[in-house]
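Fold and contact review
Take a look at the letters that make up each chain.
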2 protein chains.
Amino acid sequence: MKSGPDIAMVASLVGDPARANMLTALLSGRALTASELAQEAGITPQTASSHLAKLETGGLIEPEKQGRHRYYRLTGSDVAGVLEGLAGLAARAGHMRVRTGPKDPALRRARVCYDHLAGDLGVQMLDSMKRQRLIRQSKEAMELTGEGKRFIAKALQIDADALIHPRRPVCKACLDWSERRHHLAGTLGAALMERFTELKWAARDPTPGSRVVNFSRNGEKRFAALFGTGE
Amino acid sequence: MKSGPDIAMVASLVGDPARANMLTALLSGRALTASELAQEAGITPQTASSHLAKLETGGLIEPEKQGRHRYYRLTGSDVAGVLEGLAGLAARAGHMRVRTGPKDPALRRARVCYDHLAGDLGVQMLDSMKRQRLIRQSKEAMELTGEGKRFIAKALQIDADALIHPRRPVCKACLDWSERRHHLAGTLGAALMERFTELKWAARDPTPGSRVVNFSRNGEKRFAALFGTGE
DNA sequence: TTCATAGTTCGATCATAACCGAAGCATAGG
DNA sequence: CCTATGCTTCGGTTATGATCGAACTATGAA
């Protein structure tokens, strides 16, 4: 009787708190070992192993053997997209996890969303780029303008032509769960994030599963000079 | 320790097969009564009532009382988007539901995806519109061209300016799980689907939770004349 | 070789939640 | 009023699956 993809199968994989914690940790875009993920989820390695096997056969993550470690990563950005979508629904319904930790404000200010910048600063950046006409939003379409291309070349040494990718857009709006507005994804979003870390304006928090991005004093100033809100 | 939206909460709601069936039925865009949804999921009304209450407090569906009936609908197209995303992941991993029913081929040919056309014909239509330069896809951006505006006005009496909506794009690519390619969503996609039914080219299958779209003989011919593949 | 660490498999326990029968409200229509 | 229908609440049963202890395999280091 029933046909079509078995969405309950996939959703139930994400529906377990331990697995959801693991997947959220992997949203950082980094590959993590089985034990790191176990710690992240607050469970023993045995239990984690069982969960990871399920996630793997479910096609959500893929392993990479390296010595005696097994590194796991998300199988693609489409998985990340669905996870972010679920986060959006949860945030909209006001279903936050109760234990709000000390890192929460930092997470809301700046975090990595798979491979690009999200949070308050991420939203600010996209806003500013639109205001400065570096990005044009016509209807739903987002595009880097000529001025935008010159801007990223001059200020950040990013070649716009190098951003073109067969399977991924240059500019893409990504809904930010903490701000409930859009930030910039796509190859441009990824390139900018990479540039910020290269320039040491910002660095990912070193703790394994963390998505927090810490801006240096100088980096924050430079960032504000380019994308500041106080015009 | 943990912070952020509770994605496990939402995902586990979708993760139960009975609830997933209900949600999939609601993907048709129609509002369905509690008993229709119970039948759709193959469970008794008591059980369904409990599930529906959970989905409601989870913010995925909303009720509307009408006499002694309670009609339920999805709370928004963002919910539909996440459900389609999950379907995409399931299809990619090859996790189809085993019981492939007789309606399956019809479902793959043409179905409604919330409020627009999906399936083989939906993908064909978008392809054809691009080929005819009615829609231009620059990088990731999709836009209705001038020629496209004239075309929909002349052939289908759709006013392009009336499609502009503050919170919804005109053209939007939506991943099709059965074809693994994009079809057309957005206000234009919805308007086209509406036009097809008004013109009696196509009609939704009358059985409650069905997403199947049946084209009439004449409708299929007219559709092919506009968006046919055999050029 | 021996030891330590990373990860898995097995078995048993235990809690959650899906399910239905029966009874209880509410609305519509006589 | 009474009756039928749509839906919900309550209680008890049952099954699934998350969890961990213990034992096992594999890789690397000494």
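Provided above is the structure to which this section pertains.
Residues numbered from 1 in each chain as written. Chains lettered and ligands numbered in written order. Predicted model: local features only at pLDDT ≥ 70, side-chain atom pairs only at ≥ 80, totals over all residues. Heavy atoms only, no water.

**A word on helix α5 (residues 77–92) of chain A**
All names here are of chain A. Definition in use: Going along the chain from the N terminus, every DSSP run of H or I of four or more residues is numbered as a helix, and every run of E of two or more is numbered as a strand. Residue count minus one, scaled by 1.5 Å, sets the expected span of a helix. Only protein chains enter the area calculation, which uses a 1.4 Å probe; residues under 20% of their type maximum are buried, those over 50% are exposed, and those in between are partly exposed.
With 16 residues, α5 should reach 22 Å at 1.5 Å per residue; the first-to-last C-alpha distance of 22 Å fits that figure. Considered for burial, the residues of α5 that qualify are V79, A80, V82, L83, E84, L86, A87, G88, L89, A90 and A91. G94, located one to two residues past α5, shows a positive phi value of around 75°.

**Here's the deal with the protein's contact with DNA strand C**
Formally: Near is defined per residue: the residue qualifies when any heavy atom it owns lies within 4 Å of the molecule or strand. Each polar contact in these results corresponds to two N or O atoms within 3.5 Å; when the atoms are within protein, one needs to be able to donate a hydrogen and the other to accept it, and residues that are neighboring in sequence are counted only if both atoms are side-chain atoms.
S35 and S49 of chain A together with Q46, H51 and K54 of chain B are the nearest of the 22 residues found near DNA strand C. Each atom of DNA strand C within 4 Å of the protein was classed as base or backbone; sugar and phosphate made up 71%. Within the contact set of DNA strand C, a base nitrogen lies 2.5 Å away from a side-chain nitrogen or oxygen of Q46 of chain B. For the surface near DNA strand C, the secondary-structure elements that each account for two or more residues are α3 (34–41), α4 (45–57) and β3 (69–74) of chain A together with α2 (17–26) and α4 (45–57) of chain B. Of all the elements, α4 of chain B adds the most residues to the surface near DNA strand C, at four residues.

**Things to note about the protein's contact with DNA strand D**
What counts here: Any residue outside Ala, Val, Leu, Ile, Met, Phe, Trp, Tyr, Cys, Pro, Asp, Glu, Lys and Arg is labelled polar, Gly included; the first ten of those are nonpolar and the last four are charged.
Around DNA strand D, the structure places 22 residues, and the nearest of them are Q46, H51 and K54 of chain A together with S35 and S49 of chain B. Those atoms of DNA strand D that come within 4 Å of the protein belong to sugar or phosphate at a rate of 72%. For DNA strand D, a phosphate oxygen lies 2.5 Å from a polar atom in the side chain of H51 of chain A. At a separation of 3.0 Å, a phosphate oxygen of DNA strand D approaches a polar backbone atom of R70 of chain B. Listed by contribution, the elements that provide at least two residues to the surface near DNA strand D are α2 (17–26) and α4 of chain A together with α3 (34–41), α4 and β3 (69–74) of chain B. When residues in the surface near DNA strand D are grouped by element, the largest group, four residues, is from α4 of chain A. In terms of residue class, the surface near DNA strand D is built from five nonpolar, ten polar and seven charged.

**What to know about the side chain of D205 of chain A**
Residues and elements named next belong to chain A. Locating D205 in the fold gives a position in the loop between β10 (202–204) and β11 (213–215). By relative accessible area, which is 12% here, D205 ends up buried. A polar contact is formed between the side chain of D205 and the side chain of N214, at a distance of 3.4 Å.

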